[in-house]
Amino acid sequence: MSAVGVIGFTGGRLNRADALRHDGAALEAAMADPAARLLVLDDYAPTMAAGRLGWTALPDRPSDLVLLGLDEGGVPHFAEVTGKPAKGRSFELIAALHALEAGEAATYAAARSVLDWHARHGFCANCGSVTKAFRAGWGRACPACGTEHFPRTDPVVIMIAEHEGRALLGRQPAFPPGRYSALAGFVEPGESIEEAVAREVAEEAGVVVRDVRYVASQPWPFPSSLMIACIGRAESDSITLDTNELEDAIWVTRGEMRAALAGAPGRFVAPPAYAIAHDLMRVWAEGG
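Residues numbered from 1 in each chain as written. Predicted model: local features only at pLDDT ≥ 70, side-chain atom pairs only at ≥ 80, totals over all residues. Heavy atoms only, no water.

Q: An account of the layout of surface pockets is needed here, citing residue identities and associated values.
A: By rolling a water-sized probe across the atoms, one finds the places where empty space is left. Approximately 920 Å³ is the volume found for the largest pocket. The wall of the largest pocket is formed by 36 residues, among which R89, Q172, F175, S181 and W220 lie closest to the centre. For the lining of the largest pocket, the elements supplying multiple residues, two or more each, are α3 (91-99), β12 (154-163), β13 (166-171), β14 (183-186), α5 (193-205), β15 (209-220), β16 (225-234) and α7 (276-285). The dominant element in the lining of the largest pocket, judged by the number of residues it contributes, is β14, at 4 residues. Residue classes in the lining of the largest pocket are distributed as 22 nonpolar, 7 polar and 7 charged. A volume near 660 Å³ is recorded for the second largest pocket. If you trace the second largest pocket, you find 31 residues lining it, with R16, A109, A110, S113 and S224 closest to the centre. Contributing elements (two or more residues each) for the lining of the second largest pocket: α4 (102-120), β15 and β16. A per-element tally of the lining of the second largest pocket places α4 first, with 9 residues. Classifying every residue of the lining of the second largest pocket by side-chain character gives 16 nonpolar, 9 polar and 6 charged. (1 Å grid on protein atoms, 1.4 Å probe; cavity = no way out; pocket = protein on both sides within 12 Å on 5 of 7 lines; lining within 4 Å. Points joined across faces, edges and corners; volume = space filled by probe spheres on them. Helix = DSSP H or I, 4+ residues; strand = E, 2+ residues; numbered from the N terminus. Nonpolar A, V, L, I, M, F, W, Y, C, P; charged D, E, K, R; others polar.)

Q: Explain the nonpolar core to me, using residue names and the numbers behind them.
A: Of all hydrophobic cores here, the largest spans 52 residues; its most connected members are F9, I160, L169, V215, M257 and F268. Non-local contacts of I160, meaning those with residues more than four positions away in its chain, are made with A167, L168, A182, C230, I231, G232, M257, L280, M281 and W284. V187, A205, V207 and I228 belong to the second largest nonpolar core, which has 18 residues in total. (Core = buried A, V, L, I, M, F, W, Y, C linked by side-chain atoms within 4.5 Å. Buried < 20%, exposed > 50% of the residue type's maximum accessible area, 1.4 Å probe, protein only. Contact = heavy atoms within 4.5 Å.)

Q: Explain the packing of aromatic side chains to me, and be specific about the residues and the numbers.
A: As enumerated under the stated definition, the model contains 7 aromatic pairs in all. With a centroid separation of 5.9 Å and an interplanar angle of 45 degrees, the aromatic rings of F134 and F150 are classed as tilted. Linking F134 in strand β9 (residues 132-134) with F150 in the loop between β11 (148-149) and β12, this pair joins segments that are 16 residues apart in sequence. The exposure class of F134 is partly exposed, given its relative accessible area of 21%. Summarising the aromatic geometry, the rings of W220 and Y274 are spaced 6.1 Å apart at their centres and angled 20 degrees between planes, so their arrangement reads as stacked. Taken as a pair, W220 in strand β15 and Y274 in the loop between α6 (254-261) and α7 lie far apart in primary sequence, 54 residues in all. (Phe/Tyr/Trp six-rings, centres within 6.5 Å; stacked < 30°, edge-to-face > 60°.)

Q: How would you sum up the pattern of salt bridges? Please name residues and give values.
A: Considering all chains together, one arrives at 19 salt bridges under this definition. Ionic contacts of the salt-bridge type, sharing partners, join the residues E188, E191, R199, E200 and E203 into one network. (Salt bridge = Lys/Arg side-chain N within 4 Å of Asp/Glu carboxyl O.)

Q: I'd like a description of the side chain of Q218, backed by residues and values.
A: With respect to the secondary-structure elements, Q218 resides in strand β15. Within the structure, the side chain of Q218 is placed 2.8 Å from the backbone oxygen of G8, a separation counted as a polar contact. The residues contacting Q218, other than those within four sequence positions of it, are I7, G8, F9, S225, L226, M227, Y274, A275 and I276. (Polar contact = N/O pair within 3.5 Å; in protein donor to acceptor, adjacent residues only side chain to side chain.)

Q: Please set out the sheet that holds β11 residue by residue, giving values where relevant.
A: Pairing is antiparallel across the open sheet formed by 3 strands, whose spatial order is β9-β10-β11. Either end of the sheet is taken by a strand with one partner, and the two such strands are β9 and β11. Across 3 bridges, the pairing between β9 and strand β10 (residues 139-141) is antiparallel. Its bridge partner being in β10, F134 is matched across the sheet by G139. (Pairing = 2+ DSSP bridges.)

Q: Just give me the short version of the sheet that holds strand β8 (residues 76-80), but keep the residues and values in it.
A: The strand order across the open sheet built from 4 strands is β6-β1-β8-β7, with neighbouring strands paired in mixed fashion. Each edge of the sheet is formed by a strand with only one pairing partner; in this case those strands are β6 (55-57) and β7 (65-70). If you compare each strand with its neighbour and ignore which way they point, the axes differ by 35 degrees on average. In this structure, strand β1 (residues 37-39) lies alongside β8, joined through 2 bridges in parallel fashion. Its bridge partner being in β8, R37 is matched across the sheet by H77. Against the sheet, helix α2 (residues 24-32) touches β7 and β8, its axis set at about 85 degrees to β8. Docked against the sheet, α4 engages β1, β6, β7 and β8, running at close to 160 degrees with respect to β7. (Axes fitted to C-alpha atoms, helices over the stretch in contact; angles between N-to-C directions.)

So, in structure tokens, the structure goes:
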């Protein structure tokens, strides 16, 4: 981590206080604490000032709450389940993500992921009955069949293939104009991280990758993934593009990468600083 630095959506400052999730009396006391704080969201977008999240007092009759954790003074912080799934990233949300301090962004990411999970998992996957939140909002239980459900995060590999001093970047049609980024894809069942990296690069760009090494990871709350950043050695620079996945793919030098990360004009625009793709590209550009 020291070589990578602080990655977006990491470095949360709240103690997740797992013991409170299993202690009903202590949780009730935390919710009754007049100092307790509730995260203020506007359709899943954070309300904020000076890079900090907005908080307010708990309502008199709150609906389901998620305990986000305790601050250094022991003050409990919560988020409220709305039952409405989150939408994509708006321009306002993107601006907020750029402005949020690192630790604040981590708290927001955890809240957004868990609240969206609640909104999408109101029914039991085993019997179809309506579920109820429990464990301070970190689970849902089915009163009909007794099945317990917990938030999940999907592993995603995001990687740079390198060949003779150049790195492979790709562009999806949905990207903003000029943007290129590291290739990425979900880890499939029965697959290791290294195998997923090799498969995804081969599928999307027709490039064979070996000697995969791990760099860092990042929680990604859109909706709830764990981005696993890696670098691998490509056997050749021949590209066979899967146009169902990518619009284009290019090989770039370290100099080009450093210039793009610095915002200089060039062949491509780098991903935003809060995305681990930015950190991965920086690590590679610096010879990591």
